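Chain by chain, the residues:
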Amino acid sequence: MKMRSCISLLALTVLICSCDEKKEPVSPSKSYRISHIECEKNNYRQTFEYNENGLVTSLVVSQDESWGKSRIEATYEYSDDNSVIKISAEERTVEITRRVFSETLYLNANGTAKRAEGSFIKFIKYDSDYEIIRKNYTVEFQYDSFDQLTDISISEKRTDVTGWEEDKSLDWKVALVWDEGNIKEYSEYYTSPKRTLMTKRTYSYYGGLSIEYMPINHGPILRYFYLPLQYQGMLGKRSESPVKRETIYFIRSGNETGGYNLDYSYDLSNSIHDTRVEAFSKVSSLTGEELNYKVCWESE
């Protein structure tokens, strides 16, 4: 089933199988989880691994860039009662910069993220040398009465190998606006010394559909390595509908200066048991390029 601006629903009775032929065929009597997402054109691949309890233990994301290959790797260790998660992550998303994270995430009684404490090291390459920036940080999460994540408060302080930590923190926030069960707007902004916008994205959705299994296609919430937390409900409720358009704004000196759109369409497999996204396409208004992604599911 192809879903675009005008959506037609076709009743398909063919069962889909996992993209990996070595895995068991998908069965209507089971629930599913994402194994990986891939795109041949830019060698994009997003891969999840799970423990015996069905919790994500590893995330790896890689993609070809003009300067080389970007890569994000993260591992997740859970306490016996699943109330604390230890996260180790490394990100290289621009040519000259690499960041290494170590974080402890504490959960509320309902399993949503409450607060986090961590540190990161940022390596910035200049010719044959590196600048190294070390920071400690804290994160606080807030939700509305519908368990929708609305605010994230982040506080960062410079530190060094001796244990020194600066007195004054760099404070910034994430704000999410919801509408009819979906994230309508996402923004990041500094709160000190004055409110200064850093990032803004807005979304429209395909409404009126019930899709049990679909990838998260809006941009990352705070950290890319938080993506498994979103899938597992640890950042509150997910958007209920598939993204139709994402608008990403250019920010200069804290102000919006235009932006560009990413338009999505989806291939669905529909049976009497459930509906799954088998593939999706993304078209950028900035470059005109269309990228086609395959979504591979496995039985839990």
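Novice: Go over the side chain of Glu156, please, and point to the residues and values.
Specialist: Structurally, Glu156 is set in strand β10 (residues 149-159). A polar contact is formed between the side chain of Glu156 and the side chain of Trp172, at a distance of 3.2 Å. What Glu156 contacts, discounting residues up to four positions off in sequence, is Phe120, Lys135, Asn136, Tyr137, Glu166, Ser169, Leu170 and Trp172.

Novice: Can you explain the environment of Asn82? Please cite residues and give values.
Specialist: Summarising the element assignment, Asn82 is placed in the loop between β5 (68-78) and β6 (84-94). The class for Asn82 is partly exposed, based on a relative accessible area of 34%. A C-alpha to C-alpha distance of 30 Å links Asn82 and Arg98, two positions 16 residues apart in sequence. What Asn82 contacts, discounting residues up to four positions off in sequence, is Leu55 and Leu107.

Novice: Explain the state of the cysteines to me, and be specific about the residues and the numbers.
Specialist: Evaluation of the coordinates by the stated rule reveals 0 disulfides. Distance from the sulfur of Cys39, which forms no disulfide, to the nearest cysteine sulfur (Cys296) is 12 Å.

Novice: With reference to specific residues and values, describe the side chain of Asn261.
Specialist: Position of Asn261 relative to the elements: it lies in strand β15 (residues 255-270). Overall, Asn261 belongs to the buried group, its relative accessible area being 18%. A polar contact is formed between the side chain of Asn261 and the side chain of Thr247, at a distance of 2.7 Å. Among all residues touching Asn261, those that are not within four sequence positions of it are Arg245, Glu246, Thr247, Val283, Ser284 and Ser285.

Novice: Give a description of the pairing of strand β14 (residues 243-252) that names residues and reports values.
Specialist: As defined by bridge partners, strand β13 (residues 196-205) adjoins β14 across 5 bridges and the pair is classed as antiparallel. When the bridges of β14 are listed, Tyr203 appears paired with Glu246. The pairing of β14 with β15 spans 7 bridges and is antiparallel. Within β15, the residue paired with Thr247 across the bridge is Asn261. Linkage of β14 to β15, two consecutive antiparallel strands, is achieved through a turn of 2 residues, within which Ser253 is found at a positive phi near 55°.

Novice: Can you explain the environment of Ser192? Please cite residues and give values.
Specialist: Along the chain, Ser192 falls in the loop between β12 (182-190) and β13. Note: C-alpha distance between Ser192 and Asp171 (21 residues apart in sequence) is 6.1 Å. Setting aside residues no more than four positions away along its own chain, Ser192 makes contact with Ser169 and Asp171.

Novice: Kindly report on the nonpolar core, identifying the contributing residues and their values.
Specialist: Counting 66 residues, the largest nonpolar core has Tyr76, Ile85, Val139, Phe141, Ile152 and Tyr226 as the members making the most contacts within it. Residue contributions to this core peak at 5 residues, all from β15. Aside from chain neighbours lying at most four places away, what touches Phe141 is Leu105, Ala113, Lys114, Arg115, Ala116, Leu149, Asp151, Ile152, Tyr226 and Leu235.

Novice: Any details on the pairing of β12? Residues and values, ideally.
Specialist: Relative to β12, strand β11 (residues 170-179) is paired through 8 bridges, and the arrangement is antiparallel. If you follow Asp179 over to β12, its bridge partner there is Asn182. Pairing of β12 with β13 involves 6 bridges; the strand directions are antiparallel. The residue of β13 that forms the bridge with Tyr190 is Thr196.

Novice: Could you give an account of the confidence of the model for the chain, with specific residues and numbers?
Specialist: Low-pLDDT portions of the prediction should not be read for the details of their coordinates. Looking at the chain as a whole, its pLDDT mean stands at 89, while 90% of the residues score no less than 70. Low pLDDT, under 50, characterises residues 5-18; the predicted model gives this stretch 29 contacts beyond four residues in sequence or across chains. Note on residues 21-26: pLDDT is under 50 here. Beyond four places in sequence and across chains, it has 14 contacts.

Novice: So, the packing of aromatic side chains: which residues are in play, and what are the values?
Specialist: Remark: the centre distance and the inter-plane angle together describe each pair of aromatic rings, the angle taken between the planes. This structure, assessed with the given rule, holds 18 aromatic pairs. On the basis of an interplanar angle of 55° and a centroid distance of 6.1 Å, the ring pair of Phe141 and Tyr226 is categorised as tilted. You can see Phe141 sitting in strand β9 (residues 129-143) and its partner Tyr226 sitting in the loop between β13 and α1 (227-231), a full 85 residues away along the chain. The burial state of Phe141 is the same as that of Tyr226; both residues are buried. Measuring from centroid to centroid gives 6.3 Å for Tyr264 and Phe280, while their planes differ by 45°, and the two rings are tilted.

Novice: Quick rundown of the pattern of salt bridges? Include the residues and the values.
Specialist: Between side chains of opposite charge, a pair can form when the charged atoms approach closely. In this structure the tally under the stated criterion is 13 salt bridges. Residue Asp64 pairs with Lys69 through a salt bridge whose shortest N-O separation is 2.8 Å. Owing to a relative accessible area of 30%, Asp64 belongs among the partly exposed residues under this scheme. By relative accessible area, Lys69 is classed as partly exposed at 39%. We note a salt bridge from Arg115 to Glu117, for which the minimum N-O separation is 2.8 Å. Via salt bridges that share partners, Glu38, Arg45 and Lys294 belong to a single interconnected network.

Calculation criteria
Residues numbered from 1 in each chain as written. Predicted model: local features only at pLDDT ≥ 70, side-chain atom pairs only at ≥ 80, totals over all residues. Heavy atoms only, no water. Helix = DSSP H or I, 4+ residues; strand = E, 2+ residues; numbered from the N terminus. Polar contact = N/O pair within 3.5 Å; in protein donor to acceptor, adjacent residues only side chain to side chain. Contact = heavy atoms within 4.5 Å. Buried < 20%, exposed > 50% of the residue type's maximum accessible area, 1.4 Å probe, protein only. Disulfide = S-S within 2.5 Å. Pairing = 2+ DSSP bridges. Core = buried A, V, L, I, M, F, W, Y, C linked by side-chain atoms within 4.5 Å. pLDDT = per-residue confidence, 0-100. Phe/Tyr/Trp six-rings, centres within 6.5 Å; stacked < 30°, edge-to-face > 60°. Salt bridge = Lys/Arg side-chain N within 4 Å of Asp/Glu carboxyl O.

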